[in-house]
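Residue-level structural notes
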Amino acid sequence: MDSRIRLILLDFDGTLADTRQANTSAYVAALTEAGYPLTEQEYADRYFGMRCDEFLRTYGIDDPVERERLRLRKIELYPTFFGSVKLNRPLWDFCRQFRTQGGRVWIVSTGSRANIDNAMRHLGIGGPDTPETLCPEGRVDGILAGPDIACSKPAPDCFLEAMRREGVSAAETLIFEDSPVGLEAARRSGAPYFRVSL
């Protein structure tokens, strides 16, 4: 059996890009603006890494309409904090080289697709349909984000779906992740994986 790596799957936040400060600042700004007290330290200690809806429910916002309003406002505010977003340059250079040799690279994240698209645009990375002129840093071959998969990490569904779409096996896939839930999802997928620490 050919076990050559044909597909790389990357988590986005905390793996391909250091977005921690930008995400934290955007959430704090959106909630503070709406009259909900939240400090950056509190968010980092208690909520970082949660999906938006889970975070807002855990925080104590029961009204789904209010949660959706805050989620959309956070997306609007997020780009104003992009000055702190940093690309994981060694990992991205590795992925670009891998693509020149015929490999495929996908982003697989539980994050919001709008947030990922905005951050990628800021970093100069394009999605599969982005015109070449708009992605000076290159592109990825596919993106699976939060709403695309019913069962989020630590379930392996997102990784397995990307493998299915590319027609590759777990043995032909390499995953890069940073969070405990992401690493558990990678382990359950059966693919080899690396832990990233930014």
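Reference entry: report on the structure contained in this document. (Residues numbered from 1 in each chain as written. Predicted model: local features only at pLDDT ≥ 70, side-chain atom pairs only at ≥ 80, totals over all residues. Heavy atoms only, no water.)

What follows deals with the overall build of the protein chain. Along the backbone of the protein chain there are eight helices and seven strands. Taken along its principal axes, the extent of the C-alpha atoms in the protein chain is 55 × 35 × 25 Å. For the protein chain, the proportion of its 198 residues judged to be buried stands at 48%. Put simply, of all contacts in the protein chain between residues at least 6 apart along the chain, 66% involve residues at least 24 apart. (Helix = DSSP H or I, 4+ residues; strand = E, 2+ residues; numbered from the N terminus. Buried < 20%, exposed > 50% of the residue type's maximum accessible area, 1.4 Å probe, protein only. Contact = heavy atoms within 4.5 Å.)

Now for the sheet that holds strand β4 (residues 104–108). Across the sheet, five strands lie side by side as β5-β4-β1-β6-β7; this open sheet has parallel pairing. Only two strands of the sheet have a single partner each, and these edge strands are β5 (142–144) and β7 (193–195). In this sheet, neighbouring strand axes are inclined to one another by 20 degrees on average, regardless of whether the strands run parallel or antiparallel. Direction of pairing for β4 relative to β5: parallel, over a ladder of three bridges. Within β5, the position partnered with I107 by the bridge is I143. (Pairing = 2+ DSSP bridges. Axes fitted to C-alpha atoms, helices over the stretch in contact; angles between N-to-C directions.)

For the rest of this paragraph, the subject is the environment of M163. The topology assignment puts M163 in helix α7 (residues 157–166). Given a relative accessible area of 3%, M163 falls into the buried group. When neighbours within four sequence positions are excluded, M163 is seen to be in contact with L7, L9, V168, S169, A170, T173, I175, S189 and A191.

Structurally, the position occupied by E172 is in the loop between α7 and β6 (173–177). Among the polar contacts listed, one links the side chain of E172 to the backbone nitrogen of S169, at a separation of 2.8 Å. (Polar contact = N/O pair within 3.5 Å; in protein donor to acceptor, adjacent residues only side chain to side chain.)

Within the fold, Q41 resides in helix α2 (residues 40–46). Along the sequence, Q41 and V28 sit 13 residues apart, while their C-alpha atoms lie 9.9 Å from each other. At a separation of 2.8 Å, a polar atom in the side chain of Q41 contacts the side chain of D45.

Neither face of strand β1 (residues 7–10) is exposed, since L7 and L9 on one face and I8 and L10 on the opposite face are all buried. By the bridge criterion, four bridges tie β1 to β4 in an arrangement that is parallel. Within β4, the residue paired with I8 across the bridge is V105.

This part covers unusual backbone geometry. P154 follows K153 through a cis peptide bond whose omega is 20 degrees. Mapping P154 onto the fold places it in the loop between β5 and α7.

So, on to the side chain of D141. Among the secondary structure elements, D141 is positioned in the loop between α6 (113–123) and β5. Polar contacts involving the side chain of D141 include one to the side chain of R99, which spans 2.7 Å. At a separation of 3.3 Å, a polar atom in the side chain of D141 contacts the side chain of R104. Ignoring any residue separated from it by four or fewer positions in sequence, one finds D141 in contact with R99, G103, R104, V105, W106 and P128.

So, about the pairing of β6. Here β6 lies mainly inside the structure; five of its five residues are buried. Of the two faces of β6, the one holding T173, I175 and E177 and the one holding L174 and F176 are both buried throughout. For β6 and β7, the ladder comprises three bridges, and the chain directions are parallel. Looking at the pairing, E177 lines up with R195 of β7. Taken together, β6, helix α8 (residues 180–189) and β7 constitute a β-α-β crossover, and its handedness is right-handed. (Right-handed = clockwise from strand over helix to strand, strands pointing away.)

Keep in mind that these numbers describe shape and distance, not what the molecule does.
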